[in-house]
Amino acid sequence: MKTIQWSVDNYVDNLSGNPQLEEAAELLRQNEVVAFPTETVYGLGANAKSDIAVAKIYEAKGRPSDNPLIVHIAEINQLEELVTNISEQAQLLIQQFWPGPLTIIFNCRPGIFSEKVTAGMDTVGIRMPDHPLALELIRLTKLPIAAPSANRSGKPSPTTARHVLDDLNGRIAGVVDGGYTGVGVESTVIDCTGDIPMILRPGGLSKEQMEMVIGEVLVDPALNSDTNDRPKSPGMKYTHYAPDAPVYLVDGTFAYIQELVSNKQKEGLKVGVIATEETKKDYRADVVIACGSRQDLKTVAHTLYDTLRAFNNQDVDIIFSETFPIEGIGLAIMNRLEKAAGHRWVRQNKVD
Ligand code: TXA
Ligand code: MG
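Procedures and definitions
Residues numbered from 1 in each chain as written. Chains lettered and ligands numbered in written order. Predicted model: local features only at pLDDT ≥ 70, side-chain atom pairs only at ≥ 80, totals over all residues. Heavy atoms only, no water. Helix = DSSP H or I, 4+ residues; strand = E, 2+ residues; numbered from the N terminus. Rg over C-alpha atoms; globule rule 2.2 N^0.38 Å. Buried < 20%, exposed > 50% of the residue type's maximum accessible area, 1.4 Å probe, protein only. Contact = heavy atoms within 4.5 Å. Areas by Shrake-Rupley, 256 points an atom, 1.4 Å probe, with all protein chains shown as cover. Lys, Arg positive; Asp, Glu negative; His and termini not counted. Charge placed at Lys NZ, Arg CZ, Asp CG, Glu CD. Core = buried A, V, L, I, M, F, W, Y, C linked by side-chain atoms within 4.5 Å. Axes fitted to C-alpha atoms, helices over the stretch in contact; angles between N-to-C directions. Left-handed = near helix turned anticlockwise from the far one by under 90°. Near = heavy atom within 4 Å. Polar contact = N/O pair within 3.5 Å; in protein donor to acceptor, adjacent residues only side chain to side chain. Pairing = 2+ DSSP bridges. Salt bridge = Lys/Arg side-chain N within 4 Å of Asp/Glu carboxyl O. Phe/Tyr/Trp six-rings, centres within 6.5 Å; stacked < 30°, edge-to-face > 60°. Lys NZ or Arg CZ within 6 Å of the ring centre and 35° of its normal.

**Considerations on the overall build of the protein chain**
Secondary structure summary: the protein chain contains 10 helices and 17 strands in total. Radius of gyration (C-alpha) of the protein chain: 20 Å, near the 20 Å computed for a compact globule of 352 residues. The principal-axis extents of the C-alpha atoms in the protein chain amount to approximately 60 × 45 × 35 Å. Within the protein chain, buried positions represent 56% of all 352 residues. In the protein chain, once contacts between residues fewer than 6 apart in sequence are set aside, the share between residues at least 24 apart is 67%. Accessible surface computed for the protein chain: about 15400 Å², of which carbon and sulfur atoms make up 46%. Looking at the protein chain, you have 34 positive and 46 negative side-chain charges, and the mean spots of the two groups are 5 Å apart.

Listed below in structure tokens is the structure:
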């Protein structure tokens, strides 16, 4: 299959009547799969009502079929016809944060979606992305659009159309190229079907931001790597984002990381470091890539997946990564780094 690439300017005032988006929307209506930018990462969209269309998403990504998809909408009034029992907390979150990097889990209205979207669950995750191209594309289809991240399963999520093509060229009908995505990590997934909302996946919107609006918010205890509980979000149990070389997270000073690097180099290994703007010039390693600035963790989220992907074009045997405080967007950054590292840590002050 030839994958069409449409380059569309994000910043034009009026996207209505844009011929490229019209063509992409027509393919979605014909049950083809099309990738498009959102404010978090690129999504791989398909008609959420069609088994045939949704099957193509799983096929193109190589995604396990027990992992449900997020459904994207362009107008809040689409929600009523898709879900039931919208709680007061969910309403407040919608008012405050949609469009934005927040997926809310609701009870699903029966008979609306392809069963492949929900993977047989009676709940569904819905979000309204804050990106002009995504919103206009979805509006044009007049459909709810199922869209996981547009990467091959297991790879870092794509933050450019180039990343999408690296993984899926020839496997999908097209990609709308809107340049770099903004947030850089996926949306926060919050379950609003219980009494107290619970974060199932940390993401672009922080726990603290939501607590300001709705009070107490829980975090799925299974996200803590020390427990053996099954995560409530099926996708969280899979290994993800890993570069080809093993990644080790380091809890220690710059000098300690440099010592780890030097020791591995003495063993004859080529060593990479995931650094920050503040430290990148000082490391002596084979490959050093800064994933943003420690002064503003949003820049780390923005660049993280590009950094993880970049190591695959480099000749390294092992990668050491700096780590970040788990506050604000730091919770999502560390969740993704933990997955990329397969939970491997090296600690300077290890107390047994
Ligand atoms: O930012 C994002 O959310 C991106 C963009 C494209 O919108 N999408 C995305 O989708 O990250 P995906 O499919 O890669 O991740 C969806 C996550 C998975 O961990 C999945 O298990 C979880 O959401 N999920 C979906 N429906 C669920 C449900 N009903 N209950 C619990 N978890 C659910
Ligand atoms: Mg994904």
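**Quick notes on the nonpolar core**
Of all hydrophobic cores here, the largest spans 68 residues; its most connected members are W98, I104 and I126. No other element matches helix α5 (residues 132-141), which puts six residues into this core. Grouped together as the second largest cluster of nonpolar side chains are 27 residues, Y241, A301, L308 and A341 included.

**Some points on the packing of helix α3 (residues 88-97) against helix α7 (residues 207-214)**
Close contact between α3 and α7 brings their axes to 10 Å; oriented N to C, the two are set at 115°. Like other packed secondary-structure pairs, α3 and α7 cross with a definite hand, here right-handed. Residues Q89, L92, L93, Q96 and F97 of α3 lie in contact with α7, whose contacting residues are Q209, M210, V213 and I214.

**Considering the environment of V247**
Topologically, V247 is positioned in strand β13 (residues 247-251). On the basis of relative accessibility, which here comes to 1%, the residue V247 falls in the buried class. Between the C-alpha atoms of V247 and D317, which are 70 residues apart in sequence, the distance is 9.4 Å. Aside from chain neighbours lying at most four places away, what touches V247 is I319, S321, A340, A341 and R344.

**Overview of the environment of L297**
Mapped onto the fold, L297 is located in helix α9 (residues 297-310). L297 sits 28 residues away from P325 along the chain, and the two C-alpha atoms are 9.3 Å apart. Setting aside anything within four residues of it in sequence, one finds L297 in contact with F324, P325, I329, G330 and I333.

**Here we look at the site of ligand 1**
As a matter of local geometry, ligand 1 sits amid 26 residues, with T40, N67, H72, S187 and G235 nearest to it. Within the side chain of S149, a nitrogen or oxygen atom sits 3.1 Å from an oxygen atom of ligand 1. Interatomic distance of 2.5 Å between a side-chain N/O atom of S187 and an oxygen atom of ligand 1. Compared with its free state, where it exposes 680 Å², ligand 1 has 97% of that area covered by protein. Of all the elements in the fold, those that place two or more residues in the shell around ligand 1 are β4 (70-72), β7 (123-127) and β11 (198-201).

**Concerning unusual backbone geometry**
Here the amide bond leading from W98 into P99 is cis, since omega sits at -10°, within 30 degrees of zero. One non-glycine residue, N31, lies in positive phi territory at about 65°. The residue N31 is located in the loop between α1 (19-29) and β2 (34-36) in this model. Taking relative accessible area as the criterion, N31 reaches 19% and is therefore assigned buried.

**Notes on the pairing of strand β3 (residues 43-47)**
Counting buried positions along β3 gives five out of five residues, so the element sits mostly inside the fold. Here β2 folds back onto β3 in antiparallel fashion, the turn holding six residues. Of the pairings in the sheet, the one linking β3 to strand β8 (residues 145-146) comprises two bridges and is antiparallel in character. Residue pairing across strands places A46 opposite A146, the latter belonging to β8.

**Notes on the environment of E115**
Here E115 is to be found in helix α4 (residues 115-118). As for E115 and P101, which are separated by 14 residues in sequence, their C-alpha atoms are 24 Å apart. Once residues lying within four places of it in the same chain are set aside, the contact partners of E115 are D51 and G120.

**Focus on the pattern of salt bridges**
Enumeration over the complete set of coordinates arrives at 15 salt bridges. Here E32 and K56 are joined by a salt bridge, their closest N and O atoms 3.4 Å apart. One end of the pair, E32, is in the loop between α1 and β2; the other, K56, is in helix α2 (residues 51-61), with 24 residues separating them in the sequence.

**Quick look at the packing of aromatic side chains**
Inspection of the entire model under this criterion finds three aromatic pairs. Between Y241 and Y305, the ring centres sit 5.0 Å apart and the planes meet at 25°, which makes this aromatic pair stacked. With Y241 in the loop between β12 (218-219) and β13 and Y305 in helix α9, this residue pair connects regions lying 64 residues apart in the sequence. When the centroid spacing of 6.1 Å and the interplanar angle of 45° are considered together, the rings of Y248 and F320 count as tilted. In this pair, Y248 sits in strand β13 while F320 sits in strand β16 (residues 318-321), placing the two residues 72 residues apart along the sequence. Judged by its relative accessible area of 3%, F320 falls in the buried class. In this arrangement the basic side chain of R344 is found over the ring face of Y248, its NZ or CZ atom lying 5.3 Å from the centre. Its guanidinium or amino end placed over the ring of W345, R347 lies 4.3 Å from that ring's centre, counting from NZ or CZ.

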